[in-house]
Amino acid sequence: MLSLAFTFALLVTLITVIGKDPFDVFLLIYSDVFASGYGAGQTLFKATPLIFISCGLAICFHASIFNIGAEGQLNAGSFVMALTAVSLEGLPFALQLLLSVLAGFLAAGLTGLIPALIKVKKGVSEVITTIMMNFVILALVNYLMVDFFAVKSTLRTVSIQESSLLTKASAVFPFFEGSSLNISFVLAILTALAVYVIIYKTTFGYKLRAVGFNETASKYLGINVNKVLLVSFFAGAGITALAGVNFIFGYKGYYELGFSNNIGFTAIAVSLLARNNPIGIIFSSLLFAALDYGGLAVNQVVPKEVMLLVQGLIIISILASDSLVKNFYRKKGAV
Amino acid sequence: MTEVLSAVFSVAFLTQVFRLMTPYYLGASGANFSERAGVINISIEGFMNLAAFSFAVFMIFTGSPATALALSLLSNLLFALLFASLTVSLKINQIVTGVGFNLLIAGLTKFLMVLLFSSSSNTPRIEGLPDIPFLKSVPLIGEVLSDTLTLFSILLVFVSGYLLFRTRFGLRLRSAGENPWAAETLGIKVRAYKYYGVLISSVLSALGGIWLVSEQHNYSDGMIAGRGYIALAAMIIGKWKPLNIFYACILFAGFEALEIALQISGADIPTQLIQMLPYLITIFVLVGFIGKTRPPAADGVPY
């Protein structure tokens, strides 16, 4: 909260410095994001992939796995998801969707399993390996796209049939007219709830948090630490692929190079802002999505890139305020 | 294919390799100073980006390379000071801070770009850092030597080696990364050395960004294109040793030069697969397929 207030203050100063009225800007954001159906729809639409990816990362972070590789994992998953969807055209829609999602999950999960195995077998920190994997996967997908799968002179795969697209929210609630919001938002909420239950209410979740808190102690409690690490890395990475559901099945109907636009890194911040709590992640995703869409709303007054700056500031100030608060209590002897 | 081969075995190609090595070595050497002091700095990419941008901006507004260089290094130092306060003084997780800085700097440059130049893609043209003219006439390697920052990088291989392994400063810096607890009992100001490490890393990676923007003669969004991460890879493959890091950078620069040669020749070899090589090799090295590698013992441990 402290960090949000700090960022807000900084933003107000910034807008004033470049000679605009901050009140105007916030009014614009408010009227566009909250008061219009289109804006609200777009915000929820943009929050959807963030919720998926951050929930996947939250699983990793709870196990103290620093997965910086979501960007690669979600691209591997979404790419495979799109290809599977196209090749399964003609099957009943539910089956096509289920199998494609499963294929995407597996592809992303396996991408996460490589650094996980290296960590478990060789004791090499996952930080560098996941960063390197990002580049390997993106280059590999780029190669496969350009040389084999992309529609000529584009960077996208063949589209799935119109009938295989998920229901748009505007079809049910005319309020959201024109926005790309679709039913995968509901799926994202359900995923967050499920991940919440897994982390906080199951034996596996308990083991996961135990390993994350103290690996050595967990070992002596009889927890199979390696197994927990492998499973949580696999599952966490796999879930990031679900971001593809929103884009492929809910929006465009195909996979496109660059669709992720570094969302795999933004999601790290989203998860941290919520202290890796999946319910909190829903809200921090909404905040980041509102900033993202709000940027478009204020573009005429302040360049929309101001919101990228705000996202960055939020991350740094969360880190700082967290630690400052902790130090403050430590000095008072409360903790 | 023969055209590519003949292009590869030419003086021009070797010259190209040495020049392309420059940003990698500056970034990698910077990262090494930080990690030797025990602070993992994964925002080398961000620091290169910030400096490339600020150098272009200050060039446009002052027109003087010396002023632009000084101001650009200064702005990088300010960010590095913030980075060090968060990671060293507040002991915040270094990886998370690094990711945060990369995002913050990317946002900041994009925002300022639109604000100052009303363009989201690139700045107006700038003059780069000047060459050293009298070295141009040296036969064969004149092209390499006369490039100020390339020459600086080559000298840096020896200077950083000397600094890290032959001076009191280097010994203390390394002790902060190997065993800060022992170092502190010997009266070494561990935190100060960690600050030095981070500050040096920001200056050196800044020079890498400045080389890139000087070569390209304008700043464009995303121009660092992962070179900061390749620098980290080179540091790992070079096992945190200046000369070995230099070899790794030459190897990666060779890949890049090859990629360019292939693109020009129009040969039917996918360049994406060459782009993958630095990262794949790094993973293999880490796994232990190619030699053994060991980071400083207390690398990444807050102290």
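Residues numbered from 1 in each chain as written. Chains lettered and ligands numbered in written order. Predicted model: local features only at pLDDT ≥ 70, side-chain atom pairs only at ≥ 80, totals over all residues. Heavy atoms only, no water.

Peer 1: Explain the overall build of chain B to me, please; I cannot follow it from the model alone.
Peer 2: Of the regular secondary structure elements, chain B holds 13 helices and 0 strands. In sequence order, chain B lays out its α and β elements as α-α-α-α-α-α-α-α-α-α-α-α-α. Here the C-alpha coordinates of chain B stretch approximately 60 × 50 × 40 Å along the principal axes. Per-residue burial over chain B gives 59% buried out of 303 residues. Taking the intrachain contacts of chain B between residues at least 6 apart in sequence as the baseline, contacts between residues at least 24 apart amount to 76%. Entry remark: accessible area of chain B is about 12100 Å², with carbon and sulfur atoms responsible for 67%. In chain B, the 18 positive side-chain charges and the 15 negative ones have mean positions that sit 16 Å from each other. (Helix = DSSP H or I, 4+ residues; strand = E, 2+ residues; numbered from the N terminus. Buried < 20%, exposed > 50% of the residue type's maximum accessible area, 1.4 Å probe, protein only. Contact = heavy atoms within 4.5 Å. Areas by Shrake-Rupley, 256 points an atom, 1.4 Å probe, with all protein chains shown as cover. Lys, Arg positive; Asp, Glu negative; His and termini not counted. Charge placed at Lys NZ, Arg CZ, Asp CG, Glu CD.)

Peer 1: Mind showing me how you'd approach the overall build of chain A here?
Peer 2: For chain A, the count of helices and strands is 15 helices and 0 strands. Over its C-alpha trace chain A gives a radius of gyration of 21 Å, about what one expects of a compact globule, namely 20 Å for 335 residues. Projected onto the principal axes, the alpha-carbon positions of chain A cover approximately 65 × 55 × 35 Å. Put simply, chain A has 335 residues, and 53% of those count as buried. Within chain A, contacts between residues separated by at least 24 positions form 74% of all contacts whose residues are at least 6 apart in sequence. Surface summary for chain A: the accessible area is close to 14700 Å², and the carbon and sulfur share equals 67%. (Rg over C-alpha atoms; globule rule 2.2 N^0.38 Å.)

Peer 1: What should I look at first to understand empty space enclosed by the protein in this one?
Peer 2: Empty pockets left among the atoms are what a rolling probe the size of a water molecule brings to light. All names here are of chain A. Scanning all chains against the criterion turns up 1 cavity of 30 Å³ or more. One number sums up the size of the largest cavity: a volume of about 30 Å³. Lining the largest cavity are Gly 69, Gly 72, Gln 73, Thr 111, Thr 130, Met 133, Asn 134 and Ile 137. The set of elements that each furnish at least two residues to the lining of the largest cavity consists of helix H4 (70-87) and helix H6 (126-149). The element contributing the most residues to the lining of the largest cavity is H6, with 4 residues. (1 Å grid on protein atoms, 1.4 Å probe; cavity = no way out; pocket = protein on both sides within 12 Å on 5 of 7 lines; lining within 4 Å. Points joined across faces, edges and corners; volume = space filled by probe spheres on them.)

Peer 1: Just to check I follow, could you spell out the interface of chain A and chain B for this structure?
Peer 2: In many analyses, interface size is given as the accessible surface area lost on bringing the parts together. Counting residues at the interface gives 40 residues for chain A, matched by 34 residues for chain B. Taken together, both faces of the contact between chain A and chain B bury some 3400 Å²; the carbon and sulfur share is 88%. Linking chain A with chain B are 0 salt bridges. Remark: the boundary between chain A and chain B carries 1 residue pair in polar contact (both at pLDDT 80 or more). Among the secondary structure elements, those contributing two or more residues to the side of chain A that touches chain B are helix H5 (93-122), H6, helix H13 (263-273) and helix H15 (306-332) of chain A. The element contributing the most residues to the side of chain A that touches chain B is H6(A), with 14 residues. Tallied by class, the residues present in the side of chain A that touches chain B amount to 31 nonpolar, 6 polar and 3 charged. (Buried area = accessible area lost by both parts, 1.4 Å probe. Salt bridge = Lys/Arg side-chain N within 4 Å of Asp/Glu carboxyl O. Polar contact = N/O pair within 3.5 Å; in protein donor to acceptor, adjacent residues only side chain to side chain. Nonpolar A, V, L, I, M, F, W, Y, C, P; charged D, E, K, R; others polar.)

Peer 1: What's the story with the packing of H5(A) against H6(A) in this structure? I'm lost.
Peer 2: Between two packed helices, the angle of one axis relative to the other and the distance separating the axes together describe the packing. All names here are of chain A. Remark: H5 packs on H6, axes separated minimally by 10 Å, with the N-to-C direction vectors making an angle of 150 degrees. As the angle between them shows, H5 and H6 are arranged roughly antiparallel. Crossing angle aside, the handedness with which H5 passes H6 is right-handed. On H6, the residues touching Thr 111, Ile 114, Pro 115, Ile 118 and Lys 119 of H5 are Glu 126, Thr 129, Thr 130, Met 133 and Ile 137. (Axes fitted to C-alpha atoms, helices over the stretch in contact; angles between N-to-C directions. Parallel < 35°, antiparallel > 145°, perpendicular 65-115°, else oblique. Left-handed = near helix turned anticlockwise from the far one by under 90°.)

Peer 1: What is the right way to read unusual backbone geometry from this model?
Peer 2: Most of the time, phi is negative for any residue but glycine, and the peptide bond is trans. The phi dihedral of Ser153(A) is positive, around 55 degrees, even though this residue is not glycine. Residue class for Ser153(A) comes out exposed when judged on its relative accessible area of 81%. The phi angle at His217(B) is positive, at roughly 65 degrees, despite the residue not being glycine. In this fold, His217(B) is placed in the loop between helix H10 (190-216) and helix H11 (227-237).

Peer 1: Please explain H11(B) as it appears in this structure.
Peer 2: In an α-helix, one full turn covers 3.6 residues, which means residues spaced three or four apart are oriented alike. All names here are of chain B. Most of H11 sits out of view: 11 of its 11 residues are buried. Of all the positions in H11, only Arg 227, Gly 228, Tyr 229, Ile 230, Ala 231, Leu 232, Ala 233, Ala 234, Met 235, Ile 236 and Ile 237 are classed as buried. Positive backbone phi, approximately 50 degrees, marks Lys 239, located one or two places after H11.

Peer 1: What's the story with a nonpolar patch on the surface in this structure? I'm lost.
Peer 2: A cluster of nonpolar residues, Leu91(A), Leu95(A), Leu99(A), Leu102(A) and Leu106(A), forms a patch on the protein surface that exposes about 400 Å² of accessible area. Along the polypeptide, Leu102(A) turns up in helix H5. (Patch = residues over 30% accessible without salt bridge, like charges linked within 9 Å, V, L, I, M, F, W, Y side chains within 5 Å.)

Peer 1: I'm lost on the pattern of salt bridges in this one. Help?
Peer 2: Opposite charge on two side chains permits pairing when their charged atoms draw close. Residues and elements named next belong to chain B. For the structure shown, the criterion picks out 8 salt bridges over all chains. For Glu 256, the salt bridge identified is with Arg 227, shortest N-O distance 3.0 Å. Of the two residues, Glu 256 is situated in helix H12 (residues 242-265) and Arg 227 in helix H11; the sequence distance between them amounts to 29 residues. Exposure class is identical for Glu 256 and Arg 227. Each is buried.

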